[in-house]
Amino acid sequence: MDVTSGTKLYASAEAALFDLGDGAAIAVGGFGLCGNPEACIRAIAARGPRGLTIISNNCGNQGQGLAVLLQQRQVARVICSFVGGNPDLERQMLAGEVAVELNPQGTLAERLRAGGAGIPAFYTPTGAGTVVAEGKDLREFEGRPCVLETALRPDFAVVRAARGDALGNLQFYRTARNFNPLAAMAGRITIAEVDELVPVGGLDPDDVHLPGIFVQRVVHVPEHADVIEFRTTRPRPAQGG
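What counts, and at which threshold
Residues numbered from 1 in each chain as written. Predicted model: local features only at pLDDT ≥ 70, side-chain atom pairs only at ≥ 80, totals over all residues. Heavy atoms only, no water. Phe/Tyr/Trp six-rings, centres within 6.5 Å; stacked < 30°, edge-to-face > 60°. Helix = DSSP H or I, 4+ residues; strand = E, 2+ residues; numbered from the N terminus. Buried < 20%, exposed > 50% of the residue type's maximum accessible area, 1.4 Å probe, protein only. Contact = heavy atoms within 4.5 Å. Polar contact = N/O pair within 3.5 Å; in protein donor to acceptor, adjacent residues only side chain to side chain. Core = buried A, V, L, I, M, F, W, Y, C linked by side-chain atoms within 4.5 Å. Pairing = 2+ DSSP bridges. Right-handed = clockwise from strand over helix to strand, strands pointing away. Salt bridge = Lys/Arg side-chain N within 4 Å of Asp/Glu carboxyl O.

Quick look at the packing of aromatic side chains now. Scanning all chains against the criterion turns up two aromatic pairs. Taking 6.5 Å as the distance between ring centres and 15 degrees as the angle between the ring planes, the aromatic pair formed by Phe31 and Phe179 counts as stacked. Pair noted here: Phe31 is in the loop between β2 (25–28) and α2 (38–47) and Phe179 is in the loop between β10 (170–171) and α6 (180–186), with a separation of 148 residues, a long-range link. Given a relative accessible area of 6%, Phe179 falls into the buried group. Consider the rings of Tyr123 and Phe141, whose centres lie 5.3 Å apart with planes at 55 degrees: the pair is tilted. A residue pair is termed long-range when its members are at least 10 positions apart, and Tyr123 in strand β6 (residues 121–124) and Phe141 in strand β7 (residues 138–141) qualify at 18 residues. Note on Tyr123: relative accessible area 28%, which makes it partly exposed. The exposure class assigned to Phe141 is partly exposed, which follows from its relative accessible area of 33%.

Before going further, it helps to examine the side chain of Glu149. In this structure, Glu149 sits in strand β8 (residues 144–150). Not counting residues within four places of it along the chain, the set of residues in contact with Glu149 comprises Thr107, Arg111, Ala121, Phe122, Thr124, Val132 and Lys136.

Glancing now at the environment of Arg188. Tracing the sequence through the fold places Arg188 in the loop between α6 and β11 (189–197). Spatially, the C-alpha atoms of Arg188 and Gln216 are 8.7 Å apart, while their sequence positions differ by 28 residues. Sequence-distant contacts of Arg188, defined by excluding residues within four places in its chain, comprise Arg153, Pro154, Asp155 and Gln216. For Arg188, the side chain forms a polar contact with the main-chain oxygen of Arg153, separated by 3.4 Å.

Ranked by internal contacts, the top residues of the largest apolar core, which has 32 residues, are Leu17, Leu20, Ile26, Ile54, Leu89 and Ile191. At the level of elements, α1 (13–16), β2, α2, β3 (52–55), α3 (67–71), β4 (75–80) and β9 (156–164) are the ones that each hand at least two residues to this core. Per element, the largest residue contribution to this core is six residues, and it comes from α2. Those residues in contact with Leu20 that sit more than four places away from it in its chain are Ile26, Ile44, Arg47, Pro49, Leu52 and Phe156. Within the second largest apolar cluster, 25 residues are counted, among which are Ala27, Ala109, Leu112 and Ala186.

A large share of α2 lies buried, amounting to seven of its 10 residues. Burial in α2 covers these residues: Glu38, Ala39, Cys40, Ile41, Ala43, Ile44 and Ala45. Those residues of α2 that are buried are in contact with α1, β2, β3, α3, β9 and β11. Once α2 finishes, Gly48 follows within two positions and takes phi at roughly 80 degrees, a positive value.

Once that is clear, we can look at the pairing of strand β5 (residues 99–102). Looking at chain direction, β4 and β5 are connected through four bridges and run parallel. When the bridges of β5 are listed, Val78 appears paired with Val100. Each parallel crossover has a hand, and for β4 linked through helix α4 (residues 87–94) to β5 it is right-handed.

Overall, the coordinates contain nine salt bridges when judged by the stated rule. Through salt bridges with shared partners, a single ionic network connects Arg77, Glu101 and Arg111.

Across the chain, the bulk of peptide bonds are trans and the bulk of non-glycine residues have phi less than zero. Phi angles above zero are rare outside glycine, and Gln62 is one such case at about 50 degrees. Locating Gln62 in the fold gives a position in the loop between β3 and α3. Phi angles above zero are rare outside glycine, and Arg73 is one such case at about 60 degrees. Looking at the secondary structure, you find Arg73 in the loop between α3 and β4. Residue Arg73 is classed as partly exposed on the basis of its relative accessible area, which comes to 48%.

And the structure:
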């Protein structure tokens with residue numbers, strides 16, 4: 001463990017993930033490849049734990065991001081809302097090599113938020129009458145059937161923020177705010193990699209999107225690849241004279 005005394009700041013993602021082992025459940029911020037904690041994902045891949053449960057919107061995309069953990073056969077289970085665009089997850093799911101629990105996207109977000117808020121379960125009309133409701137408690141509220149969904153409280157969460165201080169107060173950049181705050185809230189141990197490390201007090205309180213109480217470890221990562229999904233467009237018709 002390599003931590004700066006009196007703060008939550010670690011020298012590297014590898015150092016901050018020193019106690020992540022086989023069988024861990026990990027919530028990962030990001031939506032597709034937007035807002036991915038790239039350094040933490042690389043560190044988990046290099047560390048090599050097996051039998052992981054990954055909680056993520058789609059566990060990588062187009063062979064990138066979290067897909068590297070699938071490619072290295074480190075993942076046993078995925079809790080997500082979307083498989084399309086992730087051929088590694090699709091292939092392993094269909095082969096029975098990785099268990100996949102699909103959630104409606106809003107339900108997945110609320111399960112993470114509930115975990116961070118200390119709410120053990122909640123009812124939602126989303127998914128009632130579909131395969132999502134199979135095996136779950138159903139109740140009717142105001143004439144609508146609702147499904148009982150349980151909160152998610154993973155062992156670890158890894159997230160990426162645009163700016164943060166050594167106490168874990170975080171500010172996210174635009175769309176990268178997606179699942180990052182919710183994942184951070186849910187994790188028992190949350191590691192945040194920040195693009196820009198600012199002095200404590202350097203963030204205006206109105207700009208703090210997530211307070212440091214939800215973050216246990218901070219890593220300064222100033223450079224990212226920021227890969228994007230493939231863009232496909234139809235050919236433009238030839239312009240007439």
